[in-house]
Amino acid sequence: MGITQSDSRNLSMMMDLYELTMANGYFREGDTQKRAVFDVFYRRNPDGAGFAIFAGLEQVIEYIENMHFSSYDIEYFKSLGLFDDGFLRYLSEFKFSGDIYAFPEGTVMYPNEPVLTVVAPIIDAQLVETAILAQINHQSLIATKTQRIVRAARGRAVSDFGARRAHNMDAAVYGARAAYIGGAAGTATVLAGERFHIPVGGTMAHSWVMFYKDEFEAFKKYAETYPDDTVLLIDTYDALRSGIPNAIRTAHEILEPMGKRLKGVRLDSGDLAYLTKRMRVMLDEAGLEDCKITVSNSLDEKTIHSIISQGACIDNFGVGERLITAKSDPVFGAVYKISAVEENGAFSPRIKVSETVEKITNPGLKKVYRIYSDNGHAVADLITGYDETIDMSAPYAYIDPERPWENRHFRGCTAKNLQTCVIKEGKRVSGTRSLQELQSYVKSQLANEIWDEEQRFENPHKHYLDMSPGYYKMKMDLLHSFEME
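Residues numbered from 1 in each chain as written. Predicted model: local features only at pLDDT ≥ 70, side-chain atom pairs only at ≥ 80, totals over all residues. Heavy atoms only, no water.

Caption draft 1: Fine view of the overall build of the protein chain. Helix and strand counts for the protein chain stand at 16 helices and 21 strands. Expressed as a percentage of its 485 residues, the buried residues of the protein chain come to 51%. Sequence separation of at least 24 residues holds for 74% of the intrachain contacts in the protein chain that already meet a minimum separation of 6. In the form shown here, the protein chain has an accessible surface area of approximately 22,700 Å², with 50% of it arising from carbon and sulfur atoms. With 54 positive and 67 negative side-chain charges, the protein chain shows a separation of 3 Å between the mean positions of the two kinds. (Helix = DSSP H or I, 4+ residues; strand = E, 2+ residues; numbered from the N terminus. Buried < 20%, exposed > 50% of the residue type's maximum accessible area, 1.4 Å probe, protein only. Contact = heavy atoms within 4.5 Å. Areas by Shrake-Rupley, 256 points an atom, 1.4 Å probe, with all protein chains shown as cover. Lys, Arg positive; Asp, Glu negative; His and termini not counted. Charge placed at Lys NZ, Arg CZ, Asp CG, Glu CD.)

Caption draft 2: Structural view of the sheet that holds strand S11 (residues 316-319). If you trace the six strands from one edge of the open sheet to the other, you get S7-S6-S11-S10-S9-S8, paired in parallel fashion. The open sheet has two free edges, formed respectively by strand S7 (186-187) and strand S8 (231-233), since each of these has just one partner strand. Alignment of strand S9 (residues 264-267) against strand S10 (residues 292-295), held across four bridges, turns out to be parallel. If you follow Leu267 over to S10, its bridge partner there is Val295. (Pairing = 2+ DSSP bridges.)

Caption draft 3: Layout of helix H4 (residues 85-92). Among the residues of H4, Gly86, Phe87, Leu88 and Leu91 are the ones counted as buried. Elements that come into contact with the buried residues of H4 comprise helix H1 (17-28), helix H3 (71-79) and helix H5 (122-127).

Caption draft 4: Representation of a nonpolar patch on the surface within the structure. A surface patch of nonpolar side chains, amounting to about 340 Å² of accessible area, comprises Leu17, Tyr76, Leu80 and Leu82. Within the element layout of this structure, Leu80 appears in the loop between H3 and H4. (Patch = residues over 30% accessible without salt bridge, like charges linked within 9 Å, V, L, I, M, F, W, Y side chains within 5 Å. Salt bridge = Lys/Arg side-chain N within 4 Å of Asp/Glu carboxyl O.)

Caption draft 5: Molecular detail of the pattern of salt bridges. Taken as a whole and judged by the stated rule, the model has 31 salt bridges. For Lys220, the salt bridge is made with Glu224, and the minimal N-O distance between the two is 2.8 Å. Residue Lys220 and its partner Glu224 are located together in helix H10 (residues 215-225), separated by four residues, close to a single helical turn. According to the relative accessible area criterion, Glu224 is partly exposed, its value standing at 40%. For Asp315, the salt bridge goes to Arg280, with nearest N and O atoms at 3.9 Å. Of the two residues, Asp315 is situated in the loop between helix H13 (301-309) and S11 and Arg280 in helix H12 (residues 272-285); the sequence distance between them amounts to 35 residues. A relative accessible area of 26% means that Asp315 is categorised as partly exposed. Look at Arg280 and you get buried, because its relative accessible area is 14%.

Caption draft 6: Layout of helix H15 (residues 435-448). Its 14 residues place the ends of H15 20 Å apart at the C-alpha level, agreeing with the 20 Å of an ideal helix rising 1.5 Å per residue. Of all the positions in H15, only Leu435, Leu438, Gln439, Tyr441, Val442, Gln445 and Leu446 are classed as buried. What you see down the axis of H15 is that its buried residues fit within an arc of 155°, all on one side. Taken together, the buried residues of H15 touch strand S2 (52-53), strand S4 (108-109), helix H6 (129-153), helix H7 (169-181), helix H8 (190-196) and strand S14 (366-372). (Expected span 1.5 Å × (residues − 1). Arc of directions from axis to C-beta.)

Caption draft 7: Main features of the sheet that holds strand S13 (residues 346-349). One open sheet accounts for seven strands, arranged S13-S12-S1-S5-S3-S19-S20; its pairing is antiparallel. Whereas interior strands pair on both sides, the edge strands pair on one side only; in this sheet they are S13 and strand S20 (427-428). Summarising the sheet, strand S3 (residues 99-102) and strand S5 (residues 116-121) pair through four bridges and their orientation is antiparallel. Within S5, the residue paired with Asp99 across the bridge is Val119.

Caption draft 8: The arrangement of the side chain of Thr107 in detail. As for its placement among the helices and strands, Thr107 is situated in the loop between S3 and S4. Taking relative accessible area as the criterion, Thr107 reaches 0% and is therefore assigned buried. Of the polar contacts made by the side chain of Thr107, one reaches the backbone oxygen of Pro104; its length is 2.6 Å. In this structure, Thr107 is in contact with Ala52, Ile53, Phe54, Arg370, Tyr441 and Gln445, ignoring residues within four places of it in sequence. (Polar contact = N/O pair within 3.5 Å; in protein donor to acceptor, adjacent residues only side chain to side chain.)

Caption draft 9: Geometry of unusual backbone geometry. Phi angles above zero are rare outside glycine, and Asn112 is one such case at about 70°. Following the sequence through the fold, Asn112 ends up in the loop between S4 and S5. The phi torsion at Asn297 lies on the positive side, around 115°, for a residue other than glycine. Among the secondary structure elements, Asn297 is positioned in the loop between S10 and H13.

Caption draft 10: View of the nonpolar core. Membership of the largest hydrophobic core comes to 124 residues, with the highest contact counts inside it found for Leu116, Val118, Leu127, Ile234, Val265 and Phe317. If you tally residues by element for this core, the top one is H6, at eleven residues. Dropping the residues within four chain positions of it, Leu116 is found in contact with Phe38, Asp39, Val40, Leu57, Val60, Ile100, Tyr101, Ala102, Ile132, Ile136 and Gln419. Counting nine residues, the second largest nonpolar core, distinct from the first, contains Tyr369, Ile371, Leu382 and Tyr396. (Core = buried A, V, L, I, M, F, W, Y, C linked by side-chain atoms within 4.5 Å.)

Caption draft 11: Examining the environment of Val128 more closely. Mapped onto the fold, Val128 is located in the loop between H5 and H6. On the basis of relative accessible area, Val128 is assigned to the buried category, the value being 0%. Once the C-alpha coordinates of Val128 and Tyr471 are considered, the two residues, 343 residues apart in sequence, prove to be 27 Å apart. Each residue touching Val128, except ones within four places of it in the same chain, is listed here: Glu19, Tyr63, Ile64, Met67, Phe96 and Tyr336.

Below, the structure is given as structure tokens:
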């Protein structure tokens, strides 16, 4: 039978071939039920930042719950000539049957801590690697970049204008979702607005202005069509000599007789600091003090910080390509590494050893706690063995893996376990939070928990990732067990 194209794509097929070849090997060895533990973590913050924002979890859960292989998919696998017939029959009935633990989406996260952990039969755990990483890497990158841009804007609204410069349609839509989590006020991408209930906004392009015989006629037509929401693009010809005068004329001659006000103007080119200061004076002198100024044009946190520091009169920013592609540092780099394998009813730790110290993994099934001082600030994160209990009612001894010889204690602190179960035996067990709730969660952490020093754009304070004495000893014993020639 020939292979025929299915009508809709099956995202379960979002995997690298080696996941299938390894799964086939496990199947041949009869290892279909032996469980393994895989951790998702990353090794450095993008843009030299002090932290990152965890995003994409909801799409991971949706992927896991819907994972299956259609007859078309099985025919494709068969055409590759790599897999046993028994393995293909196994895949035809496949459903993910493991557990997944994760940080809440929107959590501020740091390098080298497991933000998501898969505990599942080895085949199940192996097949989900690429899809999990694709969602978390992309959305965490865009959420983190957006949060930097929002902080640079100092309370001014930032909107995602990036769809047409995104790497593809999915990147535009899920990028808009991530941007909203990171603090964007809205998006220009209609599909993202429809799918994720993100506020959408937009006015006109230069083509609208150029379609009509002159700029004023274009503004007049738009104001008559949208009298309650008139925002005019004023730099098609000359922002100060033509655009602003015609916008003021539109406000007085078209909108005010209808009892309406000009909502705003948008500038998409030129010296944004200089022009907006001139524009503000001209608008105010015309009695349009309530008219907002929006700017766009290849913006990011650095350009926004610069033009604000120059006294620019800007109310809103539309940020496109440098947000949706995280242009300055476009690879997030989260990885998926095995950390334990079930043996005789218990999980035996596994560790990746490398001559590059940063690539040595943290072994075993574990927990991650965020440690808070008595004033509510997060002072460190702490890795422990999964079965360990920690008591913060007395000074708690811990190990700084970068300075293991020092005697260190947490005093007067509290601890919060960051990972919770989101998938149990293949089924969602966590609730769904709205994007508005996720955005508020990010804002709350940055306002109340995360040190200002970690939020610096340049040379931020490094957040500590510490270990319990028992966990550190287990890791060192495992490292010492390898005989190097």
